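# Results of the structural survey
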Amino acid sequence: MKYDFIVVGSGAIGSSIAYELASRKFSVCRVGDSDRSNSASKAAGAMNGCFGEITQSLLASRYGKLKLDMDCIAKDLWPTWEKRLSDSSGNNKTLFTAQGTHIILNTAGMKEVDSINYDAIEKSLINYSVPYKKIDPREIHWLNPNDLVRPLNALYIPDEHAVNSDLLLKKLDAAFISERGTIVEENAKCVIVENNKATGVKLLNGECLQADKVIVAAGAHSLELLSSLPEVSRKIPPIFSGYGVSILVRVPEGRELPTSVIRTPNRAFACGLHCVPRGERVLYLGATNILAEKPRKNALISDVQFLLDCALEQLDINLHDAEILSIQVGNRPIPADGFPLIGPCDDTNIWLATGTYRDGLHQSPLLANYVANSLTGIKNHQINLDDFNPMRPPLSGLSRELIVKETVQQMFATGYEYRWDIKPYWLPLLDKGLTENYQNLIESLHPHFTPPPELVAFSYLYESMRHELRNYYGAWS
Ligand SMILES: Cc1cc2nc3c(=O)[nH]c(=O)nc-3n(C[C@H](O)[C@H](O)[C@H](O)COP(=O)(O)OP(=O)(O)OC[C@H]3O[C@@H](n4cnc5c(N)ncnc54)[C@H](O)[C@@H]3O)c2cc1C
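Note that the coordinates shown come from a computational prediction; the quantities given were computed from them, not determined experimentally.

## With respect to the pairing of strand β2 (residues 28-31)
Both faces of β2 are covered, namely the face carrying V28 and R30 and the face carrying C29 and V31. Summarising the sheet, strand β1 (residues 2-8) and β2 pair through 4 bridges and their orientation is parallel. Bridged to F5 within β2 is V28. Crossover β1 to β2 through helix α1 (residues 12-23) is right-handed.

## Let's talk about the packing of α1 against helix α3 (residues 62-89)
Contact pair α1 / α3: the axes reach a minimum separation of 13 Å and the direction vectors enclose 70°. Accordingly, the angle class assigned to the pair α1 and α3 is roughly perpendicular. Read as a crossing pair, α1 and α3 show a hand that is left-handed. The residues of α3 that touch α1, namely those facing S16, Y19, E20 and S23, are W81, R84, L85 and S88. Grouping the amino acids of the contact of α1 with α3 by side-chain chemistry returns 3 nonpolar, 3 polar and 2 charged.

## Observations concerning the UniProt feature "domain: FAD dependent oxidoreductase" (unreviewed entry) in the protein chain
According to UniProt, the positions carrying the feature "domain: FAD dependent oxidoreductase" (unreviewed entry) are residues 4-373. Each end of residues 4-373 is marked by a C-alpha atom, and these two atoms are 14 Å apart; helix forms 29% of the span and strand 29%.

## Description of helix α7 (residues 301-314)
If you check α7, its first and last C-alpha atoms are 20 Å apart, about what 14 residues at 1.5 Å a residue would give, namely 20 Å. Every buried residue of α7 is listed here: D303, V304, F306, L307, C310, A311 and Q314. The buried residues of α7 occupy an angular sector of 165° when projected down its axis, which confines them to one face. In the core, the buried residues of α7 are packed alongside β4 (101-106), β12 (239-250), β15 (282-286), β16 (290-292), β17 (323-335) and α9 (400-417).

## Section: the side chain of S246
Mapped onto the elements of the fold, S246 is located in strand β12. Here S246 falls in the buried class, since its relative accessible area comes to 1%. Of note is the side chain of S246, whose polar atom sits 2.8 Å from the backbone oxygen of A43. A polar side-chain atom of S246 sits 3.4 Å from a polar atom in the side chain of Y284. Excluding anything up to four places from it in sequence, S246 contacts A43, Y284, L285, G286, L307, S326, I327 and Q328.

## Remarks on the site of the ligand
The environment of the ligand is made up of 35 residues, and the closest members are S41, M47, T356, Y357 and H362. Between an oxygen atom of the ligand and a main-chain N or O atom of D359, the distance comes to 3.2 Å. One of the backbone nitrogen or oxygen atoms of H362 is found 2.7 Å away from an oxygen atom of the ligand. Protein contacts shield 95% of the accessible area of the ligand, which totals 1,000 Å² for the unbound molecule. At the level of secondary structure, the elements contributing two or more residues to the shell around the ligand comprise α1, α2 (40-43), β17 and α8 (360-375). For the shell around the ligand, a count of residues per class yields 17 nonpolar, 14 polar and 4 charged.

## What about α9?
For α9, built from 18 residues, the straight-helix expectation of 26 Å at 1.5 Å per residue is met to within 8% by its first-to-last C-alpha distance of 26 Å. Turning to α9, its buried residues number three or more, namely I403, V404, E406, T407, V408, Q409, Q410, F412, A413, G415 and E417. Here the buried face of α9 lies against α4 (111-127), α7, α10 (426-445) and α11 (453-459). Phi turns positive, to about 55°, at R419, one or two residues after α9.

The rules we used
- Residues numbered from 1 in each chain as written.
- Predicted model: local features only at pLDDT ≥ 70, side-chain atom pairs only at ≥ 80, totals over all residues.
- Heavy atoms only, no water.
- Buried < 20%, exposed > 50% of the residue type's maximum accessible area, 1.4 Å probe, protein only.
- Helix = DSSP H or I, 4+ residues; strand = E, 2+ residues; numbered from the N terminus.
- Pairing = 2+ DSSP bridges.
- Right-handed = clockwise from strand over helix to strand, strands pointing away.
- Axes fitted to C-alpha atoms, helices over the stretch in contact; angles between N-to-C directions.
- Parallel < 35°, antiparallel > 145°, perpendicular 65-115°, else oblique.
- Left-handed = near helix turned anticlockwise from the far one by under 90°.
- Contact = heavy atoms within 4.5 Å.
- Nonpolar A, V, L, I, M, F, W, Y, C, P; charged D, E, K, R; others polar.
- UniProt positions renumbered as here; feature names shortened; annotations may be inferred.
- Expected span 1.5 Å × (residues − 1).
- Arc of directions from axis to C-beta.
- Polar contact = N/O pair within 3.5 Å; in protein donor to acceptor, adjacent residues only side chain to side chain.
- Near = heavy atom within 4 Å.
- Areas by Shrake-Rupley, 256 points an atom, 1.4 Å probe, with all protein chains shown as cover.

Written out as structure tokens, the structure is:
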């Protein structure tokens, strides 16, 4: 049998695109196991973060602003998306688990990162005329941090909620099947290509499936599937894994959960510290973000310890008697320039839908609609994502000088979040040393292409990352 579309990947992005196409009555096969261990989607806090995700550097480029536009459009799509999924799946349990988002500015971070990003969030809320309320952090009754790192400022964004990622994925499975989609639980080995055109997918068990078009949405693993098209994949920003740990805990009986998301601004290359209520005394604690050479399967003790320390210190010192239900490990797909990879790979009949980094789950309804429209020749009126076409030279956000400065500051922020105790006269020395190291590293990669700060910091540690970056930059030089 030949399908209209094969979608590789069962995370939030692949599952949403597959469902959208199937509900438009195309024949669709979704490839990849539904267990989704180590997928980003399963580990996600699933915040509907738009303004809560803003950083000063995001707003510094038009690509960052485009990402914010995506988040804003996606936010408005969720109520209808949830209704559609409920109708198709027959499961009426609500996806939404939190009412609004509290952003707290506490003293666990540093002013150059936390205060600047907190201000950027507030300014953008004003500029975009989005309702929000400045509040005294003591009004967030659930919050009970160590006084040494208590929040001094807070604001409430009433229409940024969160969804239950586990329930979302279950509903997407059921909804896709009820729309006559086919799920093949085996993973794909590669896309089959004849005369530079995809004709289907080869599975790990050797079986081959045929389709007119193949959509690759396998998260951090996506580019592995394009091994038969080296000339195409060389021109796509390599995807690195942003390994993240999140933890589900159950609070003791009689203890309340917060009703909103509570989070800090993004800091230290990660999505800030946050907690998200999941109902039935279950609280989600998130999340770390460490760029790894390869996607990780298991959590490191150091990351679990760090996350729990942060949660107890900055959110609720009484969380020590909550039960740990699960330690979740996910791999965020992070492209070499930090921006999504959405669109066709030349005229190969292969589409990529990945690279969504820290907010892909929230963007999934938008991407499903956008990709389904584009694949079937319908014009997208809401937004144009041509800039994120996968075969592209690196999109540049900040100047080289600012990237070095930002990398150093984010590294310092990591130290402050670990509550390091450095004598003040060390700081200029550390600053100078890190600045010089990162400048040298960047110059050794390419005369003008520059990776985003997190990739500067982590490629400093791994030769394999530097190698991949040089290869990709070479393809565009
Ligand atoms: C800890 C953490 C917290 C996060 N919090 C948020 C948040 O609050 N809000 C938000 O919007 N986003 C959040 N994100 C980011 C978000 O999860 C991602 O942007 C998004 O889920 C990516 O979805 P995806 O479907 O592209 O990738 P994934 O969810 O990683 O799914 C990819 C799927 O492809 C499968 N696959 C891999 N190789 C193959 C193959 N060869 N064949 C078939 N299938 C294959 C994998 O098994 C996986 O199931 C978070 C991420 C992490 C890790």
